[in-house]
Amino acid sequence: NMFPRDFAWGAGTAAYQIEGGSQADLKGPSIWDTFCHEKGRVFEDQNGDVACNSYELWDKDLECIHQLGLTHYRLSFSWARLLPDGTTRHVNQKGVKYYNKVIDDLLSSNVSPMVTLYHFDLPQALQDQGGWKSPIIAVLFDSYAKFCFQTFGDRVKLWITINEPYVCAKLGNEDGIHAPGIQEKGTAAYLVGHNMLRAHAMAWHSYDSVYRREQKGEVSLAVNSDWLEPLRHDHEEDIAATERNRAFTLGWFAWPVFVTGDYPEIMRCAIEAQSIKVNYSGASRLPRFTSDDPVILGTADFFALNYYTSRKVKPGQGVERNICMKSDRNVEEVLDPSWPICGVSWLAVMPCGLRKLLKYIKETFNNPVVYVTENGFSQVGMLQMEDIQRAGYYKETILEVSKAIQEDGVDVRGYFAWSLMDNFEWADGFSVRFGLFHVDFSDPKLRRTMYRSGKEYSNIIADTNNGAFLWQSKRKKEKC
Ligand code: GBH
């Protein structure tokens, strides 16, 4: 058998992407509610007001989970559904009741929940006070986290504080293509990332000192990373550019948490060099941790990785004279023509990139326990229920995970497909489908139907549970 017996087989979702019920009961608005209702932000001005309506149709989601035979289900809590103004001053009991039911239903069918506290949807009330740019957010997040540990931690044993701080910081505050739609180049994203690390660390310390002994769970943050490698392996500049790119992506958050308690030197140096180059007169753009901050190093009980795709790296043109993350980072990412792109434009299919990345994580971050908390492949345009290509992607990627475990000795404990079902795909609205289940958004009942890829995944789970995991990769040996 190629997977450990108690390996976690999961699928994931996020609150704003599936729940709908955007104004149900006492839920407060989040920054995604606001963002979607501004013109021109999201594909065809779509929004998550209804989405998969999981707020009312949770039973249907549970059926999907059963059909797949999952051992784990990763969901996120909507902060503003539990705490409408973001603070513990007002608790929305209907929200508590909803998540209690989800958790209890999962447990009574032998499925373990993994809960993300923050998946992109900040309460609007907190955004109005400065959001993630304001240092006070760490204290507010910590209160929210403690409330969740207190209320649900008797049953939830796997926690993710923040999903993809990189995406929140960069897409939300530098590029402005995610909520809150801020484009303050070269400053806001670093500040947001900093406060996310502070918030995460405070919550981890709260769990560690108050809840761990009794609840015996584990807490981490989920980082997203492509597999990055030099365009030309024998070119010094490409190798250096790859190192730099890694520092600005995975390293930005994983280095402080797993290695030194501070940002990678390469990242700090690059930002400072650019500030000097353009005579930037403000304070250091990459904040420093001080003795007033929580200790960042060691604040993860496992490594949670979201992996989708790979890139080759060479130096950027370095001509930009302005302040922005792109010029700080100064790299160019290219695709290998042999990597097919079948779904969204950014997703080049490279299953063995995951194996390489897992090995890199083992070597760089001191052999942590790893969960692959997201991995998937989308369809765009013409609907295919017989999505053979996606089925193949799952099969091959999972095979790479087994090689990482068996041949490279990476301590991978679980794999979560993204996503359980088609849902609101952020700025792409409903035009991009990542589900193992199709959702018919034109049907008032929002019927869920298993794709071929879902069938494939359920077979893999069943085979490994029977100790049979016997397929052979039909692919020719890759230059992996
Ligand atoms: C995940 O992020 C999210 O956690 C999840 O909610 C989402 O549904 C899933 O991706 C699928 O997209 O548009 O060219 O600027 C994955 C990391 C980083 C991948 C940002 C897409 C945007 C590229 N994402 N990237 S582009």
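For the structure, see preceding data.
Everything numeric here is computed off the predicted structure, so don't read it as measured data.

Visitor: Got a minute to help me understand the packing of aromatic side chains in this structure?
Guide: Aromatic ring pairs: the centre-centre distance and the angle between the two ring planes describe each pair. For the coordinates displayed, the defined rule picks out 49 aromatic pairs. Both rings, one in F424 and one in W426, keep their centres 6.4 Å apart while their planes meet at 80°; by these two values the pair is edge-to-face. W426 gets classed as buried once you look at its relative accessible area, which sits at 5%. An aromatic cluster is built from Y55, F77, Y98, Y99, F149, F152, W159, Y207 and Y211, whose rings are joined through pairwise contacts. Its end group placed over the ring of Y360, R246 keeps NZ or CZ at 4.5 Å from the ring centre. One cation-aromatic arrangement involves R285 over Y280; the distance from NZ or CZ to the ring centre is 5.6 Å.

Visitor: Quick question: what am I supposed to make of the sheet that holds strand β9 (residues 331–334) here?
Guide: In a beta sheet, neighbouring strands pair by backbone hydrogen bonds and run either parallel or antiparallel. Strand order in the open sheet made by the three strands is β6-β8-β9, with mixed pairing throughout. The sheet terminates laterally at β6 (227–230) and β9, the two strands that pair on one side only. Strand after strand, the sheet turns through a mean of 40° between neighbouring axes, direction not considered. Bridge count for strand β8 (residues 310–315) against β9 is four bridges, and the pairing is antiparallel. Paired with P315 across the strands is V331, a residue of β9. This element, helix α10 (residues 236–248), spans β6, β8 and β9 of the sheet and lies at about 120° to β8. In the packing of helix α14 (residues 351–364) onto the sheet, contacts are made with β6 and β8, and the angle to β6 comes to roughly 85°.

Visitor: I tried to follow the layout of surface pockets on my own but got confused; where do I start?
Guide: Empty pockets left among the atoms are what a rolling probe the size of a water molecule brings to light. Estimated volume of the largest pocket: approximately 1200 Å³. Lining the largest pocket we find 42 residues, and of these Y166, V167, L171, N224 and W346 sit closest to its centre. Elements with a minimum of two residues in the lining of the largest pocket: α8 (165–173), α13 (325–329) and β9. Element by element, the count of residues in the lining of the largest pocket is highest for α8, at four residues. For the lining of the largest pocket, the class distribution of residues is 17 nonpolar, eleven polar and 14 charged.

Visitor: Which parts of the structure should I look at to understand the sheet that holds strand β5 (residues 218–224)?
Guide: With parallel pairing, the eight strands of this closed barrel are ordered in space as β1-β2-β3-β4-β5-β7-β10-β12. On average, each strand axis in the sheet is inclined to that of its neighbour by 25°, with strand direction left out of account. Across three bridges, strand β1 (residues 8–12) lies against strand β2 (residues 72–76) in parallel orientation. Across the sheet, residue G10 finds its bridge partner in β2, namely H72. On the sheet, helix α5 (residues 93–108) packs against β2 and β3 (112–118) and is oriented at approximately 170° with respect to β2. This element, helix α16 (residues 452–465), spans β1 and β12 (412–418) of the sheet and lies at about 160° to β1.

Visitor: Help me understand the packing of α10 against helix α12 (residues 265–277), please; the structure alone is not making it clear to me.
Guide: Axes are the key here: two packed helices are described by the angle between their axes and the distance separating the axes. Where α10 contacts α12, the axes come no closer than 8 Å and their chain directions differ by 95°. By the angle class used here, α10 and α12 are roughly perpendicular. Contacts from E243, R244, A247 and F248 in α10 reach I266, M267, A270 and I271 in α12. For the contact of α10 with α12, the residue count by class is six nonpolar, no polar and two charged.

Here is what the cut-offs are and how they apply
Residues numbered from 1 in each chain as written. Predicted model: local features only at pLDDT ≥ 70, side-chain atom pairs only at ≥ 80, totals over all residues. Heavy atoms only, no water. Phe/Tyr/Trp six-rings, centres within 6.5 Å; stacked < 30°, edge-to-face > 60°. Buried < 20%, exposed > 50% of the residue type's maximum accessible area, 1.4 Å probe, protein only. Lys NZ or Arg CZ within 6 Å of the ring centre and 35° of its normal. Pairing = 2+ DSSP bridges. Helix = DSSP H or I, 4+ residues; strand = E, 2+ residues; numbered from the N terminus. Axes fitted to C-alpha atoms, helices over the stretch in contact; angles between N-to-C directions. Contact = heavy atoms within 4.5 Å. 1 Å grid on protein atoms, 1.4 Å probe; cavity = no way out; pocket = protein on both sides within 12 Å on 5 of 7 lines; lining within 4 Å. Points joined across faces, edges and corners; volume = space filled by probe spheres on them. Nonpolar A, V, L, I, M, F, W, Y, C, P; charged D, E, K, R; others polar. Parallel < 35°, antiparallel > 145°, perpendicular 65-115°, else oblique.

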